[in-house]
Amino acid sequence: MKINGNELRTGNIVEYQGRLMRAAKVHIVQMGNWRSFLQVELRDIRDGTKLNERIRPADTIERVQLDEKQYQFLYKEGAQYTFMDNETYDQISVEEDLIGEPAVFLQEGMQVSVQSYEEKPISVTIPGTVIMRIEEADPVTKGQTASSSYKPAKLENGVRVMVPPHIEAGTRIVVNTTDNSYVERAKD
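Each residue is numbered by its place in its chain's sequence as written, counting from 1. Only residues with pLDDT of 70 or above have their local features reported here, since the model is predicted, and side-chain atom pairs are shown and tallied only from 80 upward, although totals for entire chains, interfaces and linings are computed over all residues. Calculation of side-chain values draws on the structure's entire complement of heavy atoms; hydrogens and water are dropped beforehand.

Enquirer: Is there a simple way to think about the overall build of the protein in this case?
Expert: Across its full length, the protein carries zero helices and 16 strands. Here the protein has a C-alpha radius of gyration of 22 Å; the compact-globule value for 188 residues is 16 Å, and the former is much larger. Along the longest, intermediate and shortest principal axes, the C-alpha atoms of the protein span 65 × 50 × 25 Å. In the protein, which comprises 188 residues, the proportion classed as buried is 35%. Whether two residues are in contact is decided by their heavy atoms: any pair within 4.5 Å suffices. The long-range share in the protein, meaning contacts at least 24 apart out of those at least 6 apart in sequence, stands at 43%. Elements are defined by DSSP. Helices are runs of H or I of four residues or more, strands are runs of E of two residues or more, and each kind is numbered from the N terminus. The size measure is the radius of gyration over C-alpha atoms, and the globule rule it meets is 2.2 Å times the number of residues to the 0.38 power. Each residue's exposure class comes from its accessible area (1.4 Å probe, protein chains only) as a fraction of the maximum for that residue type: buried when under 20%, exposed when over 50%, partly exposed otherwise.

As C-alpha cells, this is what we get:
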C-alpha cells in the first residue's frame, strides 16, 4: 500500500530501495521559509543496518502489510526457537535476534504473536507481562521500610530484577517483559 511521506510513523514497516525497513525514528523538520521534510532513521529488518534519509511529505513510500498469527512456544535448541501454529499445528523455527532481549522470558506453552512477510517470519512479540518465581532475594535492611526502597532479586531464568522488601525467595511475581521490572505479586 502506497502512503505519502507525511503519513510515515515510528514502527511502520516500509519497502525502501528494495529492502524491508522499519522506521525507528521519524522527526518532522521545518526550517524557516523552506519546505518541511521528515528526517527518518530506517533499520533493515533482515541485517539490522541503519539508514538515515530525508523524505519530503509529497514522496510516496510503499508500506508493507504484515501477516500476524498466534503461535505457541515449544522449545529452544541453541539459538533457534521453535513455535507451533495453533490452527494448523505447523512448526517454525526462528533465530534469537528476531525475538530480542525478551527471549529470556519465553516459557514452554507460552502464546506469542509472529509477524511475517511473504510467509517468512520477521519478528516475534511475547506477552507484555509474565509470571516468574523468585530464586534468590537479598534480606531486608532494617530501617528502609519507611521509604519506597527496592532490593535486588534473581528470577528462575537468571534475570535480575528490583523488588519491594516484602518479596522473598519462592514468591511468584508478575514481571514486565519490556524493561524487566517488577509489576506486582502474582495472584495464585
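Enquirer: Please clarify how the environment of glutamate 87 should be interpreted in this entry.
Expert: Mapping glutamate 87 onto the fold places it in the loop between strand 8 (80-85) and strand 9 (91-95). In this structure the C-alpha to C-alpha distance between glutamate 87 and methionine 1, which are 86 residues apart in sequence, comes to 28 Å.

Enquirer: Where do I start with the packing of aromatic side chains in this structure?
Expert: How two aromatic rings sit relative to each other is set out by the distance from centre to centre and by the angle between their planes. Any Phe, Tyr or Trp ring, taking Trp's six-membered ring, that has another such ring centre within 6.5 Å forms a pair; planes under 30 degrees apart are called stacked, those over 60 apart edge-to-face, and the others tilted. If you walk through the whole model with that rule in mind, you get two aromatic pairs. Ring geometry for phenylalanine 73 versus tyrosine 81: centroids 5.9 Å apart, planes at 40°, classification tilted. Exposure class is identical for phenylalanine 73 and tyrosine 81. Each is buried. A ring pair is formed by phenylalanine 73 and phenylalanine 83, whose centres lie 5.5 Å apart and whose planes are at 55°; its orientation type is tilted. Here the residue phenylalanine 73 occupies a position in strand 7 (residues 67-77), and phenylalanine 83 occupies one in strand 8, the gap between them amounting to 10 residues. The exposure class of phenylalanine 83 is buried, given its relative accessible area of 0%. These aromatic residues form a ring-pair network of at least three members: Phe73, Tyr81 and Phe83.

Enquirer: Quick question: what am I supposed to make of the nonpolar core here?
Expert: The definition of a nonpolar core used throughout is a set of buried Ala, Val, Leu, Ile, Met, Phe, Trp, Tyr and Cys residues joined through side-chain atoms within 4.5 Å. Residues Phe83, Ile99, Leu106, Val112, Leu155 and Ile173 are the most contacted members of the largest nonpolar core, which totals 26 residues. Counting residues per element, the ones that place at least two in this core are strand 7, strand 8, strand 10 (111-117), strand 12 (129-137), strand 13 (151-155), strand 14 (160-163) and strand 15 (172-176). In this structure leucine 106 touches Phe73, Tyr81, Phe83, Ile99, Val112 and Ile126, once residues within four positions along its chain are discounted. Ranked by size, the runner-up nonpolar core spans 13 residues in total, among them Ile3, Leu8, Tyr16 and Leu38.

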